[in-house]
Amino acid sequence: MSSWGSGLIRGLRVTWQNLARRSVTAQYPDAPPELPPRSRGVIALFEENCTVCMLCARECPCWCIYIDSHKEAVPPVEEGARERSTNVLDRFAIDYSLCMYCGICIEACPFDALEWSPEFEYAELDIRDLTHEKDRLREWMWTVPAPPGLDPAAAEPKEIATAQKAAEKAAAASQGQAAEETRDDGGGS
Amino acid sequence: MAEERVVGVGAGAAGFGGYDRGGGEPGGLATQDMVLNIGPQHPATHGVLRLRITLDGERIVGCEPIVGYMHRGVEKLFEVRDYRQIIVLANRHDWLSAFSSELGVVMAVERMLGMEVPERAVWARTLLAEMNRALNHLMFLGSYPIELGAITPIFYAFRERETLQQVMEEISGGRMHYMFNRVGGLKEDLPAGWLDRASAAVAAVRRRVPQIEDLIFGNEIFLARTRGVGTISPELISAYGVSGPIARASGVDFDLRRDEPYLAYPELAEEGVLRVTTGEDGDCHSRFGMLLEQVSVSLDLADACIARLRSLPQGPINQRLPKILKAPEGATYCWTENPLGINGYYLVSRGEKTPWRLKLRSASFNNIAVLPEVLRGCVVADMIAILGSMFFVVGDIDK
C-alpha cells in the first residue's frame, strides 16, 4: 500500500505533463470545425429534380416536410399527340424545429432531389424561422460536398456491375460474330 | 455529560480523518424525519430523475425514485413506425449508446426475416458498437468525478470522446444519433482511408486513457468518497435484474457478448480478445474501475475488428431490401449487451410493415430500481456518490 497522498501526486503529475502541451480546444467561432462530407447538418433541395412524388413527406417519421403542388398542362411535343400534365412544385418546406435529422427523406428520394450538407449555423431567435422554404433550401445545395470515396473492399456500385455485364455481352457477341465471319471466310475460299 | 457530536455536512462529510459519516450512530437524538426531493432538476441526476428521500438527520431512511418526467411513449410510437423509422427512435432512448440500441432492433428484424448479414457488415457493426461502448464509458468516467467535486477529469474524457466521435461522425454523419444501422447491414460503406483513421483514433485513446486513471482513480479524496460506499451484493443484483458494468463490479459474471454471443463476438471470444472482467467489492470505486477496464477491452476489440475488416475480401455491406419491408408473423426477443447493461427488444409482428408490439427492456430502468435498497442507511453526501456510480441515462429509464 502506497503512502497517503501518492494518488494526489500522481494526478498532479498528469496535470503538469499536460500543462506544457498545446491546447486541444478549438475556439469555435474563430476556428470553424472541419466536418466530414457525410456530416448531417442541413438538408438541401435541388428543386429541378423534384417530381412531387411525396415519398419524402410520407416517409418522414416526424412529418416535418410540407409540399404543395398543382398540375399544369404541357402542350404536346409532336403534332396530333395528347396533351400531357406535369406536377409543378409550389411549396417545399422543411421545419427544422421538428426534424430529427435521420436522413430518411434523402434515402427515400428516388430522384436525388435532397442532399445532406454539413452546414449547421442556422439558429434562429424565432422558432418560425426554422421552417426553411424552397429558396432557402436551394441555397444549401451549393454547400453540399462531394461524397467520400469508398473503402477498397466495398462492393462495386451496381452501375459498374451492369455496365460490365453489358460490355461482356457485347464483347461475347462481337467475338461470336467474328468467329462466324472467319468460318464464313473459310467456307468461301 | 453531554456527548460531543461531530456532524458532517456537504461534500466534506465523507468520513475523513476518523470522523464518522453523518453524525454518529442513528437514533442517538430524537429527530424528526424530513422529506427531501432530489431533482427533478438536480444537476446530479443527469436529467430529470426525481428521488424522494426521507431523512433522519443526515441519514437516509427511505428513498423512492419517481420516474417518468421524460416519458416519450417510445414503445407506442414503435407501433406506428416502419422498421427504418424505428431506428430513429431506438437510438434516442439511450443517447449515449445509440449505436448499440439500433443494433437490437435490426437484429430482431433480421432474425424474424431469417436474413443473413454480409460478413463485412458484421465486423463493421462490432467495431462501431465497441467504439460506442468506449464513448459511453468515457462520458461516465468524466461526469462521475464532477459529481464528487473533481472537475478536471471531464476535460480529459471529452478529449478522448472527441477523438472517437470524429471517426464515428465521418462514417455515419452523426455525432450521437448515428442512424447507421439498417436491416440487413449498414447504411453506407466505409469511406476510403477510414480504417486507418479509426485505428489511429483507437491508438491515441488507448495511449491517453491511463491519464484519467492516474488523475482520479488512486486519488485519496476519491477513494474516501467511493470505497466501501454503496455496496451492492450479488443477491441484490439478481433480485433487481441489474446488469452491465454495475453487475460485474459486484462479481456477477454475466456478459451477453460472451454468454449469448451475437455479431462477431464468438470469434473474438475465441481469440481471447474479449475479456469479461468482474470486480469483487461492488462499491462505487469498483464500479468506476469497471468502466476503466471495459474501455481498454473495447479498444482491444475495436483493434481486432479493424484488423479483420482489412483482411476481408471485397463484398457488400448491406442487403438489397424490398421497397416495403414486412417482418413475418411471429415473435422474437433480441437482447444485446449495451454499454449500460442488457438492452432487450421483444418484437411481435403480425406481418405488417410496423411491429404489432415492440417491448423495450432498457438497462437503466432496472439499474436504477435497486437505488432504494442501496441508499437506505447512507448519508446525503454519499447519495450523490452512489447515484452517480449507477451510470444511468434518464431517457433510458423513462423511455
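These numbers were taken from a predicted model, which means no experiment stands behind them. (Residues numbered from 1 in each chain as written. Chains lettered and ligands numbered in written order. Predicted model: local features only at pLDDT ≥ 70, side-chain atom pairs only at ≥ 80, totals over all residues. Heavy atoms only, no water.)

Our next topic: the overall build of chain A. Per the secondary structure count, chain A includes five helices and five strands. Mapped in sequence order, the helices and strands of chain A form the string α-β-α-β-β-α-β-β-α-α. For 189 residues, the compact-globule estimate of 2.2 N^0.38 gives 16 Å, and chain A exceeds it by more than 25% at 29 Å. Here the C-alpha coordinates of chain A stretch approximately 105 × 60 × 30 Å along the principal axes. Within chain A, buried positions represent 28% of all 189 residues. When contacts within chain A are restricted to residue pairs at least 6 apart in sequence, those whose partners lie at least 24 apart make up 71%. In the structure as shown, chain A presents an accessible area of about 13100 Å², 55% of it carried by carbon and sulfur atoms. Where the 19 positive side-chain charges of chain A centre and where its 31 negative ones centre are 9 Å apart. (Helix = DSSP H or I, 4+ residues; strand = E, 2+ residues; numbered from the N terminus. Rg over C-alpha atoms; globule rule 2.2 N^0.38 Å. Buried < 20%, exposed > 50% of the residue type's maximum accessible area, 1.4 Å probe, protein only. Contact = heavy atoms within 4.5 Å. Areas by Shrake-Rupley, 256 points an atom, 1.4 Å probe, with all protein chains shown as cover. Lys, Arg positive; Asp, Glu negative; His and termini not counted. Charge placed at Lys NZ, Arg CZ, Asp CG, Glu CD.)

Residue and element names in this part refer to chain B. Along the chain, Ser97 falls in the loop between helix H2 (83-93) and helix H3 (98-113). With relative accessibility at 0%, the residue Ser97 sits in the buried group. Taking the C-alpha atoms as reference points, Ser97 and Pro234, separated by 137 residues in sequence, lie 25 Å from one another. Beyond its immediate stretch of four places on either side in the chain, Ser97 contacts Asn132, Asn136, Asn338 and Pro339. For Ser97, the side chain forms a polar contact with the side chain of Asn136, separated by 3.4 Å. (Polar contact = N/O pair within 3.5 Å; in protein donor to acceptor, adjacent residues only side chain to side chain.)

Okay, the domain arrangement of chain A next. What the domain assignment lists for chain A is domain 1 (30-141) and domain 2 (151-189). Relative placement of domain 1 of chain A and domain 2 of chain A: their C-alpha centres are 42 Å apart. (Domains from an automatic or database assignment.)

Residue and element names in this part refer to chain A. Inspection of the entire model under this criterion finds four cavities of 30 Å³ or more. Taken as a whole, the largest cavity encloses approximately 90 Å³ of empty space. Grouping the amino acids of the lining of the largest cavity by side-chain chemistry returns 13 nonpolar, two polar and no charged. Each pocket or cavity is described by its volume, and for the second largest cavity that value is around 70 Å³. For the second largest cavity, the lining is made up of 13 residues, of which Cys60, Cys64, Cys99, Cys102 and Cys105 are closest to its centre. Residues of the lining of the second largest cavity, tallied by class, amount to 12 nonpolar, one polar and no charged. (1 Å grid on protein atoms, 1.4 Å probe; cavity = no way out; pocket = protein on both sides within 12 Å on 5 of 7 lines; lining within 4 Å. Points joined across faces, edges and corners; volume = space filled by probe spheres on them. Nonpolar A, V, L, I, M, F, W, Y, C, P; charged D, E, K, R; others polar.)

Among the nonpolar cores identified, the biggest contains 127 residues, and Leu51, Leu127, Met131, Trp194, Leu268 and Met383 of chain B are the most heavily contacted of them. Among all residues touching Leu127 of chain B, those that are not within four sequence positions of it are Trp194, Leu195, Ala302, Cys305, Ile306 and Leu309 of chain B. By size, the runner-up hydrophobic cluster in this structure holds 28 residues, among which are Val42, Ala57, Leu137 and Met141 of chain A. (Core = buried A, V, L, I, M, F, W, Y, C linked by side-chain atoms within 4.5 Å.)

Further remarks concern the packing of helix H4 (residues 119-147) of chain B against helix H6 (residues 194-217) of chain B. Relative placement of two packed helices is described by the angle separating their axes and the distance separating the axes. Residue and element names in this part refer to chain B. Packing of H4 against H6 brings their axes to within 12 Å, and their N-to-C directions diverge by 25 degrees. Judged by the inter-axis angle, H4 sits roughly parallel to H6. As for the relative orientation of H4 and H6, their crossing is left-handed in sense. Contacts between H4 and H6 involve Leu127, Leu128, Met131, Leu138, Leu141 and Pro145 from the former and Trp194, Leu195, Ala198, Val202, Val205, Val209, Ile212 and Ile216 from the latter. For the contact of H4 with H6, the class distribution of residues is 14 nonpolar, no polar and no charged. (Axes fitted to C-alpha atoms, helices over the stretch in contact; angles between N-to-C directions. Parallel < 35°, antiparallel > 145°, perpendicular 65-115°, else oblique. Left-handed = near helix turned anticlockwise from the far one by under 90°.)

It is worth spelling out the interface of chain A and chain B at this point. If you look at the interface, chain A gives 37 residues, while chain B gives 42 residues. Buried surface at the junction of chain A and chain B, both sides included, amounts to about 3200 Å², of which 50% is carbon and sulfur. At the boundary of chain A and chain B, one finds six salt bridges. Between Glu59 of chain A and Arg84 of chain B there is a salt bridge, with the nearest N and O atoms lying 3.1 Å from each other. Summed over the shared surface of chain A and chain B, the result is 26 residue pairs in polar contact (both at pLDDT 80 or more). Only helix H1 (6-19), helix H2 (55-59) and helix H3 (104-108) of chain A provide two or more residues apiece to the side of chain A that touches chain B. (Buried area = accessible area lost by both parts, 1.4 Å probe. Salt bridge = Lys/Arg side-chain N within 4 Å of Asp/Glu carboxyl O.)

This brings us to the domain arrangement of chain B. By domain assignment, chain B separates into domain 1 (7-66) and domain 2 (74-361). Centre-to-centre separation of domain 1 of chain B and domain 2 of chain B, based on C-alpha positions: 34 Å.

Okay, the layout of surface pockets next. Quantified by volume, the second largest pocket comes out at close to 1200 Å³. As for the second largest pocket, its lining consists of 39 residues, of which Val24, Thr25 and Ala26 of chain A together with Phe158 and Glu162 of chain B are closest to the centre. Counting residues per element, the lining of the second largest pocket draws most heavily on helix H5 (residues 153-172) of chain B, at nine residues.

Right, let's get into the packing of aromatic side chains. Residue and element names in this part refer to chain B. For the coordinates displayed, the defined rule picks out 15 aromatic pairs over all chains. Seen from their ring centres, Tyr333 and Trp335 are 5.9 Å apart, and the 50 degrees between their planes marks the pair as tilted. Among the residues examined, Tyr333 registers a relative accessible area of 35% and is labelled partly exposed. Classification of Trp335 by relative accessible area gives partly exposed; the value is 24%. Counting every residue linked through ring pairs, the aromatic cluster contains Phe140, Tyr144, Phe217, Phe222, Phe288 and Phe391. The ring of Phe365 has Lys399 sitting right over it, with the charged end atom 5.3 Å from the ring centre. (Phe/Tyr/Trp six-rings, centres within 6.5 Å; stacked < 30°, edge-to-face > 60°. Lys NZ or Arg CZ within 6 Å of the ring centre and 35° of its normal.)

All names here are of chain A. Where nonpolar side chains cluster on the molecular surface, the patch consists of Leu12, Trp16 and Leu19 and spans about 390 Å² of accessible area. Inspection of the secondary structure puts Leu12 in helix H1. Leu12 sits in the partly exposed class, given a relative accessible area of 49%. (Patch = residues over 30% accessible without salt bridge, like charges linked within 9 Å, V, L, I, M, F, W, Y side chains within 5 Å.)

It is worth spelling out the confidence of the model for chain B at this point. Residues and elements named next belong to chain B. Per-chain confidence: chain B averages 85 in pLDDT, with 91% of residues scoring 70 or above. Counting contacts from residues 1-19, a segment whose pLDDT is below 50, to residues more than four positions away or on other chains yields 23 contacts. The complex model carries a pTM of 0.83, and its ipTM stands at 0.77. (pLDDT = per-residue confidence, 0-100.)

This paragraph deals with the side chain of Glu337 of chain B. Residue and element names in this part refer to chain B. Inspection of the secondary structure puts Glu337 in strand S6 (residues 330-338). The class for Glu337 is buried, based on a relative accessible area of 1%. Reaching out from Glu337, the side chain makes a polar contact with the side chain of Arg248 at a distance of 3.1 Å. Residues contacting Glu337, with those up to four places away along its chain left out, are Arg133, Gly244, Arg248, Asp255, Leu256, Arg257, Tyr262 and Ile342.

In this structure, Met54 of chain A takes a positive phi of about 70 degrees despite not being glycine. Relative to the helices and strands, Met54 of chain A is located in the loop between strand S1 (42-45) and H2. Unusually for a residue other than glycine, Lys399 of chain B sits at a positive phi of about 60 degrees. On the secondary structure map, Lys399 of chain B appears in the segment after helix H16 (394-398).

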